[in-house]
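# Descriptive analysis of the structure
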Amino acid sequence: MEMIQFDQDRNLWVLQTENTAYAFGLSAEGALCHTYYGPRLPFLSDYPGARLYPEQSSFDCREGLSPEEYMSWCDSKYTEPCIKATFSDHTRDVVLKYAGFSAEGDSLSVTLRDAAYPLRVELRYRVAADCDLIEKSACVVNEGTEPVRLEQILSGSLFPARSDAYRLTSVSGKWAGEFQLRRAMLPDAKTVLESRRGTTSHGANPFVMLDENGSATETGGRVYVGALAYSGNWKITVEKTSFRMVKVCAGVNDFDFAWLLEPGASFTAPPFLIGYTEKGFGAASRMLHAYQLNHVLPAGHRGELRKVLYNSWEARLFDVNEEEQCRLADAAASLGIELFVMDDGWFGARDNDRAGLGDWFVNRRKFPNGLSKLIRHVNGLGMDFGLWVEPEMVNPDSDLYRRHPGWVYRFENRPGNLRRNQLVLNLAREDVRAYLYESMDRLLTENNIQFIKWDMNRNFSEPGYPEEAPEKQREIWVRHVEGLYGIVERLRAAHPGVLFQSCSGGGGRVDLGVLRRFDQVWASDNTNASDRLPIQEGFSYAYCAKVMESWVTGSSAPGTLPLEFRFHCAMTGNLGIGVDLFQWDDAQREKARALIAEYKQIRPIVQHGRQYRLMGTQGPLTAVSYVGAERDRAVLFAFWQHGRFGDRPLPVRLQGLDETALYEAEGYGRMSGKALMCVGLTPEFAGDPGSVLIRIEKV
Ligand code: GLA
């Protein structure tokens, strides 16, 4: 199969994945228009050629009605543009004309040029054929001698097949309540999902799914996917026009954005992933999961299984010291934990959240031997050592701030808002980037650290950069992300053995851009397993289980969920423990040890297998399964909560098994794959709330 085909007679490009095709071409008038996105068709001639839609009236011009592949703001076009710019003579529109293409293997680049000004736009496509996804991006190059002011530059658009109605699936949320699944029919209007916070945000996440007529289910129906690989201010617009065209645009948010493109300089928009399936939401999610596992996660650790970690935060908060952490490490190791992570509190004058951020030096009062004694102790117990940092931040009460008060974003005549008593460092500045790189590099060079939890505990406010030229000050939104990505990439290159976790007060920075640079993420600060199930369900729409760190926390106080329930919930991702281990009695420790050992046996399937959401979190029964690549092994997790009087669990019908094979479902007998998928298993729970983990293996 050729991934990129070009029909010379019709000036039509067709991008093909295993099951889908995406086509766009040049109309007779020279407009670059989208023509088809759906199942792969037998012949090149099957794909429609580009045609502008007929003009309706003087108010609705042909170009404005047509699905332009990369629409610039000009002429009488009023849907969301991908690019808007102002030239040095104050001309404020961009008129793009086709100027050639090049294709090789999985990549296509189409060149557009402004009709009158020396501005070039390269539309870049990369086909991830195995995952039925296409990566789009755009790069703008100033080929002239005068600067150009970019006011909007998005990554690209997605046009679902024309239809009467579409439903939008996305997530909304808040701190400690991220990734809440939301579904709504599209109104005849523009829906905007975005972040203006400087980071990806807890409130929304940069992915959407659209299903025709709202008729798709987990297992069937036409679903379009769009996901943006970006960790700063982002925007996805989903627009349904009065002419029943649905247009999705995604990229860097244009809110408070401006970029001065100097002569010879270029600006590259972040990748926008698009996909299509006829097999429902479950398949759409698995496409994204496979893409992360095969193409996105940092290559060095991509194939490795993630370790079971212990994190000290909920047990000790800021109250960490050498002796206590060594004791915790002993307790963690005795349970079979493989990675011991010391969280906040180990550096500078950090006894609470009011001081210390910025001073990345070990607090000698708490750790008289630096970190070396603790790390040797942890390594001696057979565990890796990990450390918490929050490099992008500074407390005013810190040596760093006292030395460099000008290193933070600020407006000179406004008091900086202190959220969590901290300010955001200006990562647009080279000296700040250098300081952060050197601080982190020194920590990693001087200590045997195998894991970094990189946190970001507030959003931006007063985002000024007074030292910069006025026309460049709004670049900070993008420059910050560029700085973050650059520092992490350099650290990874210098310390290839280290794994990085992204955290932002929980799931405030989870996206495909982060996952290119971080090996795993913290989905939420909310570790209550009952709240966590819907958070994890929403998370799974876009992100794979392997990257989803999930901890067992909480005490044994009456009313808390059974320990097994909390474990099972965390075992559906990348298992971690965050409890004060001295709260557990012997019986609980014994149970924890057994469950950790069980997780190690099943984790290749959870982390590298295919995930199936069998029962959502709306009713009393929630079920999710993972099936190994060879379909010879599967694990089923089922959770029962708040059943009404007399309620009994329904049978859970599995998915993704080999129909003709005979399987043994531990404790439930032998059944064919087909029976497991058609009849299903009725899980038995010891109580309400209750949970089960059922291992299923080919006989
Ligand atoms: C954030 C993180 C927590 C913990 C604290 C430490 O809230 O999400 O897991 O690391 O910071 O201050």
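To be clear, the structure that these remarks concern was listed above.
A brief report on the enclosed structure follows. What you are looking at is a predicted structure, and each value in this text was computed from that prediction instead of being measured. (Residues numbered from 1 in each chain as written. Predicted model: local features only at pLDDT ≥ 70, side-chain atom pairs only at ≥ 80, totals over all residues. Heavy atoms only, no water.)

### So, the side chain of Gln 611
Cut-off, in case you're wondering: A run of DSSP states H or I qualifies as a helix once it reaches four residues; a run of E qualifies as a strand once it reaches two. Both are numbered from the N-terminal end. Here a residue-residue contact requires only that any non-hydrogen atoms of the pair lie within 4.5 Å.
By the element assignment, Gln 611 lies in strand E31 (residues 610-615). Filtering out sequence-adjacent residues up to four positions away, Gln 611 remains in contact with Arg 286, His 289, Ser 540, Ala 545, Val 624, Ser 625 and Tyr 626.

### Examining the pairing of strand E32 (residues 621-627)
Our working definition: Any residue under 20% of the maximum accessible area for its type is buried, any over 50% is exposed, and the rest in between are partly exposed; the area is computed with a 1.4 Å probe on protein chains only. Pairing between strands is defined by DSSP: at least two bridges between them are needed.
Counting buried positions along E32 yields seven of seven residues, so the element is predominantly enclosed. By the alternation rule, side chains of E32 split into Leu 621, Ala 623, Ser 625 and Val 627 and Thr 622, Val 624 and Tyr 626, which are all buried. Taken together, E31 and the strand that follows it, E32, pair antiparallel across an intervening segment of five residues. Between E32 and the antiparallel strand that follows it, strand E33 (residues 633-640), lie five residues; Arg 631 among them carries a positive phi value of about 60°.

### Quick word on the sheet that holds strand E4 (residues 32-39)
The criterion, for reference: Helix axes are fitted only over the stretch in contact, all axes being lines through C-alpha atoms; the angle between N-to-C directions runs from 0 to 180 degrees.
Across the sheet, which stays open at both edges, the four strands sit in the order E1-E2-E3-E4 with antiparallel pairing between neighbours. In this open sheet, the two strands that pair with only one neighbour each are strand E1 (4-7) and E4. Pairwise comparison of adjacent strand axes, ignoring direction, gives a mean angle of 15° for this sheet. Here four bridges tie E1 to strand E2 (residues 12-16), and the two strands are oriented antiparallel to one another. The residue bridging Ile 4 from the neighbouring strand is Leu 15, located in E2.

### Overview of the site of the ligand
As a reminder, the rule being used: Neighbouring residues are identified by heavy atoms, a residue being near a molecule or strand if any of them is within 4 Å of it. Counting of polar contacts relies on pairs of N or O atoms within 3.5 Å, with two restrictions inside protein: one atom must be capable of donating a hydrogen and the other of accepting it, and residues adjacent in sequence are counted only when both atoms are side-chain atoms. Using a 1.4 Å probe, accessible areas were evaluated by the Shrake-Rupley method; residue-level cover was limited to the displayed protein chains. Gly is put with the polar residues, along with every residue not named as nonpolar or charged; the nonpolar set is Ala, Val, Leu, Ile, Met, Phe, Trp, Tyr, Cys and Pro, and the charged set is Asp, Glu, Lys and Arg.
By nearness alone, 13 residues border the ligand, and Asp 343, Asp 344, Lys 453, Asp 455 and Asp 525 come closest of all. In the model, an oxygen atom of the ligand is placed 3.0 Å from a nitrogen or oxygen of the Trp 388 side chain. Measuring from an oxygen atom of the ligand, one finds a side-chain N or O atom of Asp 525 at 2.5 Å. Protein contacts shield 96% of the accessible area of the ligand, which totals 310 Å² for the unbound molecule. A class-by-class count of the residues in the shell around the ligand yields four nonpolar, three polar and six charged.

### Things to note about the environment of Trp 259
Tracing the backbone shows Trp 259 in strand E18 (residues 259-261). Here Trp 259 falls in the buried class, since its relative accessible area comes to 6%. Remark: the alpha-carbon pair of Trp 259 and Arg 648, spanning 389 residues in sequence, is separated by 59 Å. Those residues in contact with Trp 259, other than ones at most four positions away along the chain, are Val 148, Arg 149, Leu 150, Phe 267, Glu 475, Val 478, Arg 479 and Glu 482.

### A closer look at the pattern of salt bridges
In plain terms, the rule: Here a salt bridge means any side-chain nitrogen of Lys or Arg lying within 4 Å of a carboxyl oxygen belonging to Asp or Glu.
This structure, assessed with the given rule, holds 55 salt bridges. Where Glu 29 meets Arg 62, a salt bridge forms, and the shortest distance between an N and an O atom there is 3.4 Å. Residue Glu 29 is located in the loop between strand E3 (20-26) and E4, and its partner Arg 62 is located in helix H1 (residues 62-65); the two are separated by 33 residues in the primary sequence. Overall, the relative accessible area of 42% leaves Glu 29 in the partly exposed class.

### A look at the side chain of Asn 142
With respect to the element layout, Asn 142 can be found in strand E9 (residues 133-142). The exposure class of Asn 142 is buried, given its relative accessible area of 2%. Within polar-contact distance, the side chain of Asn 142 engages the backbone nitrogen of Gly 144 at 2.9 Å. Engagement of the side chain of Asn 142 in a polar contact is seen with the backbone oxygen of Leu 261, the distance being 2.9 Å. Once residues within four sequence positions are removed from consideration, Asn 142 is found in contact with Pro 118, Leu 119, Pro 147, Val 148, Leu 261, Glu 262, Pro 263, Gly 264 and Ala 265.

### Observations concerning the nonpolar core
What counts here: In this description, a nonpolar core means a group of buried Ala, Val, Leu, Ile, Met, Phe, Trp, Tyr and Cys residues linked to one another through side-chain atoms lying within 4.5 Å.
If you look at the biggest cluster of nonpolar residues, it comprises 186 residues, and the most contacted ones within it are Trp 346, Phe 567 and Ile 577. Tallying contributions element by element places helix H9 (residues 476-494) first for this core, with nine residues. Apart from the residues within four sequence positions on either side, Ile 577 is in contact with Leu 309, Tyr 310, Asn 311, Ile 337, Trp 551, Val 552, Phe 567, Trp 584 and Ile 596. In this structure, Leu 621, Leu 681, Ile 694 and Ile 696 belong to the second largest nonpolar core, which totals 23 residues.

### As for the sheet that holds strand E36 (residues 690-698)
An order of E31-E32-E33-E36-E34-E35 is seen for the six strands of this open sheet, with the pairing classed as antiparallel. The open sheet has two free edges, formed respectively by E31 and strand E35 (669-672), since each of these has just one partner strand. Averaged over all neighbouring strand pairs, the angle between strand axes comes to 20°, with direction disregarded. With three bridges connecting them, strand E34 (residues 662-665) and E36 associate as antiparallel partners. Bridge pairing in E36 places Tyr 663 opposite Lys 698.

### A closer look at the packing of helix H8 (residues 430-446) against H9
The following threshold applies: Should an angle lie under 35 degrees it is considered roughly parallel, over 145 roughly antiparallel, and from 65 to 115 roughly perpendicular; all remaining angles are considered oblique. Definitions for this section: a left-handed crossing has its near helix turned counterclockwise from the far helix by less than a right angle. A right-handed crossing has that turn clockwise.
Between H8 and H9, the shortest axis-to-axis distance is 10 Å and the interhelical angle comes to 30°. If you check the angle between H8 and H9, you find them roughly parallel. The hand of the H8/H9 crossing is right-handed. Only Arg 479, Glu 482, Gly 483, Ile 487, Arg 490, Leu 491 and Ala 494 of H9 make contact with H8, whose side of the interface consists of Arg 433, Leu 436, Tyr 437, Met 440, Asp 441 and Leu 444. By residue class, the composition of the contact of H8 with H9 is seven nonpolar, one polar and five charged.

### Thoughts on the environment of Glu 630
Inspection of the secondary structure puts Glu 630 in the loop between E32 and E33. C-alpha separation for the pair Glu 630 and Asp 658, spaced 28 residues apart in sequence, amounts to 9.0 Å.

### Observations concerning the packing of aromatic side chains
Our working definition: Aromatic pairs are defined between Phe, Tyr and Trp rings, using the six-membered ring for Trp, whenever the two ring centres lie within 6.5 Å; interplanar angles under 30 degrees are classed as stacked, those over 60 as edge-to-face, and all others as tilted.
Tallied over the full model, the rule gives 38 aromatic pairs. Seen from their ring centres, Tyr 626 and Phe 637 are 6.1 Å apart, and the 85° between their planes marks the pair as edge-to-face. Note that Tyr 626 is positioned in strand E32 and Phe 637 in strand E33, a separation of eleven residues in sequence. An aromatic cluster of three or more residues is present, and its members are Phe 6, Trp 13, Tyr 22, Phe 24, Tyr 37, Tyr 98, Phe 101, Tyr 125, Tyr 166, Tyr 224 and Tyr 276.

Purely geometric numbers; function is a separate question.
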